[in-house]
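Structural characterization, general
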Amino acid sequence: MTNIRFRKEKISIQNIGRQRFWIGIVAGLISAISISLFFNHSRESLRLLTSISADLLILKENELQFFNYFFSLLSTVLGLTITIWIWMQNKKHNRRKDGIYKQLSITNALLIFWVILMIISRFGSVLSIVLFGTPGYDNHLNLYEEYWILFVLLPIVVFLQSWCTVRLVYLSGKWILLSIFFCILLVFTLQLTTTVNQEKLNLAYHHRFENDYIYIDPEIKIAREKYGVDIDEQTVQILKKQITESSVDQIARVKKAFSSDRSISMDTIILQKIIIRNFKEGGWYYYRSNSIENWRYALPFDILKQIDNYDSSSNETKELFEILKEMIDLVNTPEINWEEYQNYTKTERRRSIGARYNIPDPLKEQLEEVRTRLLEDDRYSDFLKDLVHSKKDDFNQKRSGGDF
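Residues numbered from 1 in each chain as written. Predicted model: local features only at pLDDT ≥ 70, side-chain atom pairs only at ≥ 80, totals over all residues. Heavy atoms only, no water.

For the chain, the count of helices and strands is 17 helices and two strands. Against the compact-globule benchmark of 22 Å for 404 residues, the chain has a radius of gyration of 32 Å, which places it well outside the compact range. Taking the principal axes of the C-alpha coordinates as reference, the chain spans close to 120 × 45 × 30 Å. For the chain, the residues scored as buried account for 45% of the 404 residues in total. Considering only contacts in the chain between residues 6 or more positions apart, those separated by 24 or more positions represent 77%. About 22,200 Å² of surface is accessible on the chain, with carbon and sulfur atoms providing 58% of the total. With 51 positive and 48 negative side-chain charges, the chain shows a spacing of 19 Å between the two charge centroids. (Helix = DSSP H or I, 4+ residues; strand = E, 2+ residues; numbered from the N terminus. Rg over C-alpha atoms; globule rule 2.2 N^0.38 Å. Buried < 20%, exposed > 50% of the residue type's maximum accessible area, 1.4 Å probe, protein only. Contact = heavy atoms within 4.5 Å. Areas by Shrake-Rupley, 256 points an atom, 1.4 Å probe, with all protein chains shown as cover. Lys, Arg positive; Asp, Glu negative; His and termini not counted. Charge placed at Lys NZ, Arg CZ, Asp CG, Glu CD.)

What follows concerns the packing of aromatic side chains. All told, the structure shown has 19 aromatic pairs when counted by the stated rule. Their ring planes at 65° and their centres at 5.2 Å tell us that Phe-66 and Tyr-144 sit as a pair that is edge-to-face. Here Tyr-144 lies in helix α5 (residues 143-166) and Phe-66 lies in helix α3 (residues 61-87), a separation of 78 residues in the sequence. Under the relative-accessibility criterion, Tyr-144 is labelled partly exposed at 23%. Summarising the aromatic geometry, the rings of Trp-87 and Trp-175 are spaced 5.4 Å apart at their centres and angled 70° between planes, so their arrangement reads as edge-to-face. Residue Trp-87 is located in helix α3, and its partner Trp-175 is located in helix α6 (residues 173-193); the two are separated by 88 residues in the primary sequence. For Trp-87, a relative accessible area of 5% corresponds to the buried category. Three or more aromatic residues joined by ring pairs form one cluster here, namely Phe-38, Phe-39, Phe-66, Phe-67, Phe-70, Phe-71, Tyr-144 and Phe-151. Here the guanidinium or amino end of Lys-240 rests over the ring plane of Tyr-213, the centre of that ring lying 5.4 Å away. (Phe/Tyr/Trp six-rings, centres within 6.5 Å; stacked < 30°, edge-to-face > 60°. Lys NZ or Arg CZ within 6 Å of the ring centre and 35° of its normal.)

Turning next to the nonpolar core. Counting 50 residues, the largest nonpolar core has Phe-258, Trp-295, Ile-303, Ile-307, Leu-320, Ile-323 and Leu-374 as the members making the most contacts within it. Per-element accounting of this core gives the leading share, eight residues, to helix α13 (residues 315-331). Those residues in contact with Phe-258 that sit more than four places away from it in its chain are Ile-264, Thr-268, Ile-269, Gln-272, Ala-298, Asp-302, Ile-303, Lys-305, Gln-306, Leu-320 and Ile-323. Counting residues in hydrophobic clusters, the runner-up holds 38 residues, among them Ile-11, Ile-16, Phe-39 and Met-88. (Core = buried A, V, L, I, M, F, W, Y, C linked by side-chain atoms within 4.5 Å.)

Let us now look at the side chain of Ser-172. Positionally, Ser-172 belongs in the loop between β2 (170-171) and α6. Overall, the relative accessible area of 2% leaves Ser-172 in the buried class. Not counting residues up to four positions away in its chain, the partners in contact with Ser-172 are Ile-11, Trp-163, Val-166 and Arg-167.

On to unusual backbone geometry. Of note, the phi angle at Asn-139 is positive, near 60°, even though the residue is not glycine. Relative to the elements of secondary structure, Asn-139 occurs in the loop between α4 (98-132) and α5.

When pLDDT is averaged along the chain, the result is 85; 91% of the residues meet or exceed 70. Low confidence marks residues 389-404, where pLDDT is under 50. Its contacts with residues over four positions away, or in another chain, come to 31 contacts. (pLDDT = per-residue confidence, 0-100.)

As a further point, take helix α11 (residues 266-277). If you check α11, its first and last C-alpha atoms are 17 Å apart, about what 12 residues at 1.5 Å a residue would give, namely 16 Å. With 10 of 12 residues buried, α11 is to be regarded as a mostly interior element. Listed as buried for α11 are Met-266, Thr-268, Ile-269, Ile-270, Leu-271, Gln-272, Lys-273, Ile-274, Ile-275 and Ile-276. Residues of α11 that are buried sit in contact with α8 (210-227), α9 (233-240), α10 (245-259), α13 and α14 (346-357). (Expected span 1.5 Å × (residues − 1).)

Now the structure itself:
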């Protein structure tokens, strides 16, 4: 008479096979470590790509910690699928359908492993290249705040799905609890040992714009101590961005404020001076020959209008003249020879290229006329020494190859 067993056996080292058990453990650990290293280093490489055409993607501390633990946890449960894949390849069957169930478990483990890797790799690369690396990106898609639950559920689903088919073959309740405990230990270990320090890339990126920051921070401090103008931290952070949507919008709003008939505030004047000094990127250029629309900052006529709105001895007037001085310095920026390009900072290169290609002649003519009017007004005699920066008092020499 055939002896048919209906009850599942408990999963054990004996049923799996001692050698296969330890091979599965070691293979799972190696897989988890390798995948975690792959995730972390790939993430930094993709983050580096975002800085080529957009601002570097820099996460807040809580976001960074969240995603560090996510990648460690996902690596751990993917390592577990490799362990289960090896364990279920033993040929010892106690029931007729065990062979089918084990094959199902093997297929399920491989399917989960490769599909999850494909999804994460594809999703991460596409977002970094297509979205995060797009000029103007400004945290429009906040995965941490809006979709954090997906990053919590994904490792849980992988873990439960891996054990689901194993339970068709074995009674595995205690082993599931033990695997949870050891997975948690491995998550913290991976988080400490395989996570890449993002500050290295952050510091290298900030070093590129060090001259910008060196000018911004003292100016903000002077505005606070000398004029009592307190520019909020968010505005300062936007000022330090390069081509995000908020940065471009800030430049446009400052220019629009100058074009108004109303007197502008001191903080707007300070912002405009910093923006011109660092020659910050704004909206799209209109590539029409010498179009005044290419000028992204306050027009000289608008600055003159604002000067007329204030008393000649006011602090606002002093800073408005500083804007004109910065504008003159920008127009006079010397051209950098390609052979010496590496000897200059990114700010100096940006100013040089901007002075050569992106300053229209109508803007220079306006600036000349404004200087001429101010030179004829005795009220501003104390400020004129800062404006007499050009070698000659006309702009035509610039067109003929001389200095402004």
